[in-house]
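What the coordinates show
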Amino acid sequence: MTTTAIRVAVNGYGVIGKRVADAVRLQPDMEFVGVGDIVSDYRVKAAVVLGLPVYASLPEKVDEMKGAGIPVPGTLDDLLAQVDVVVDCTPKGVGARNLDHYRAVGVKAIFQGGEKHSLTGHSFVAQANYETAVGRDATRVVSCNTTSTVRTLTALRDAGLLKKARGVLVRRATDPWESDHSGIMNTVVPEPHIPSHQGPDAQTVVPDLDVVTIAAKAAHTQTHNHFWVVELSRPASREEVLEAFRAASRIAFIRMSDGIVALNSTIELMRDLGRPRDDMWEVALWEDVLTVNGNEAYYTYQVCNEAIVVPETVDAIRALTGTVEDGQESIRITDEALGMRHDFLAW
Ligand SMILES: NC(=O)c1ccc[n+]([C@@H]2O[C@H](COP(=O)([O-])OP(=O)(O)OC[C@H]3O[C@@H](n4cnc5c(N)ncnc54)[C@H](O)[C@@H]3O)[C@@H](O)[C@H]2O)c1
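Along each chain, residue indices are assigned from 1 in the same order as the chain's sequence is written. Two thresholds apply to this predicted model, a pLDDT of at least 70 for residue-level local features and 80 or more for giving and counting side-chain atom pairs, whereas whole-chain, interface and lining totals are computed over all residues. The basis for the side-chain values is all heavy atoms of the structure; hydrogens and waters are excluded.

1. So, the packing of aromatic side chains
Within 6.5 Å between ring centres, the rings of Phe, Tyr and Trp (the latter by its six-membered ring) count as paired, and their orientation is classed by plane angle as stacked under 30 degrees, edge-to-face over 60, tilted in between. Under the criterion given, the structure shown has four aromatic pairs. With a centroid separation of 5.1 Å and an interplanar angle of 75°, the aromatic rings of F245 and Y299 are classed as edge-to-face. Separated by 54 residues along the polypeptide, F245 in helix α10 (residues 238-247) and Y299 in strand β15 (residues 296-303) bring together distant segments of the chain. For F245, a relative accessible area of 0% puts it in the buried group. Assessed through its relative accessible area of 3%, Y299 is described here as buried. Helix and strand definitions follow DSSP, with helices as H or I runs of at least four residues and strands as E runs of at least two, each counted in order from the N terminus. Only protein chains enter the area calculation, which uses a 1.4 Å probe; residues under 20% of their type maximum are buried, those over 50% are exposed, and those in between are partly exposed.

2. Notes on a nonpolar patch on the surface
Among the surface-exposed residues, V168, I194, I214 and F227 lie close enough to one another that they form a single nonpolar patch of about 340 Å² accessible area. Mapping I214 onto the fold places it in strand β10 (residues 211-217). The partly exposed category is assigned to I214, whose relative accessible area is 36%. A residue counts toward a patch only above 30% relative accessible area and without a salt bridge, and it is joined to like-charged neighbours within 9 Å or, for Val, Leu, Ile, Met, Phe, Trp and Tyr, to nonpolar neighbours within 5 Å. Only the protein chains shown count as cover for residues, with accessible areas throughout obtained via the Shrake-Rupley method and a probe of 1.4 Å. Here, a salt bridge means any Lys or Arg side-chain nitrogen found within 4 Å of an Asp or Glu carboxyl oxygen.

3. Observations concerning the site of the ligand
Whether a residue is near a molecule or strand depends on its heavy atoms: if one lies within 4 Å, it is near. Around the ligand sit 21 residues, and of these V15, I16, D37, D175 and N305 come closest. Under this definition, polar contacts are N or O atom pairs within 3.5 Å; protein pairs additionally need one hydrogen-donor-capable and one acceptor-capable atom, and for neighbouring residues in sequence, both atoms have to be side-chain atoms. In the environment of the ligand, an oxygen atom lies 2.7 Å from a nitrogen or oxygen atom belonging to the side chain of D37. In this structure, N305 approaches the ligand through a side-chain N or O atom, which is 2.8 Å from an oxygen atom. Burial of the ligand by the protein amounts to 86% of the accessible area it has alone, namely 830 Å². Residues that form the shell around the ligand fall into these classes: ten nonpolar, eight polar and three charged. Residues are grouped as follows: Ala, Val, Leu, Ile, Met, Phe, Trp, Tyr, Cys and Pro are nonpolar; Asp, Glu, Lys and Arg are charged; every other residue, Gly included, is polar.

Given below as structure tokens:
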């Protein structure tokens, strides 16, 4: 690890950006320099309260933001001039317009799952392909659903157990902060195409994964629920499959027998454990639901869409700058700084 801290900015201080900012501030080898955004409401004002410098990402927004009382020290270019890496957490499609500019000013850039793989030509999940991102000028951290898919399937693959996987994804309707004006109620909306985009997206990280996903949007606002049928490469015991998940980073077991019977139980558990914003960075896999029958495994897990990509983003920062070349070492540093767990109720 270098002795000079990696200087980081976040452009787009929304659901993902604010969590990335907090996570970067906890890393021993990073310095958080500031955020860029274009709005002046409570979300950005909260950043000021938390002591973060807030820059105007569009020059024409400076006056409006200053007029709302935000002490704007400058524009995005002023922020970019001070950093090694920018994490672009702007809404889907906006980030794509920023890449050329980041390149022009010589700042490495990380995008989020709303952008296409083709934007950077590299899609990132730390445990699967950290090393291929080392030294690149840009990468894309894949979406929440895709991150969980890659984490769990590569855990089985690395144990020599994966042949092919078929998954059904029940997605949240919208994020809590915007549920006053978006989201569905009292229905389930299947995606009109099979495979849903998450399966092919996982293959942008691990091209030879044999995976098909089917997805639907449901009427709740927090977290996704996945259901998987996996054909194993050979008949295996339940304990072998559990051990494969145990050996992987960023998968934590939960149990019905502990009273964790639904998505809301885990959210309450995160509150009880004092997690910031109730965030769960791990894939929460029901240990006592997992079933193995010969060469087939069946399991279900929960994905905290607001948080799961945050540790991956932190690792992507180290990969691009090349300060840590070993993915497992970066994962260790990130997970220790955040306080990630393999089992939420083990002591
Ligand atoms: N919300 C999720 O569950 C989730 C999960 C994984 C990945 N992602 C991806 O993360 C990215 C960000 O999503 P989000 O949910 O955090 O969005 P969000 O709407 O919560 O936040 C986006 C932020 O960007 C700001 N912004 C808009 N235009 C801007 C511009 N031109 N310059 C700077 N800032 C601008 C907005 O004001 C807002 O604060 C997307 O690619 C999304 O697909 C989202």
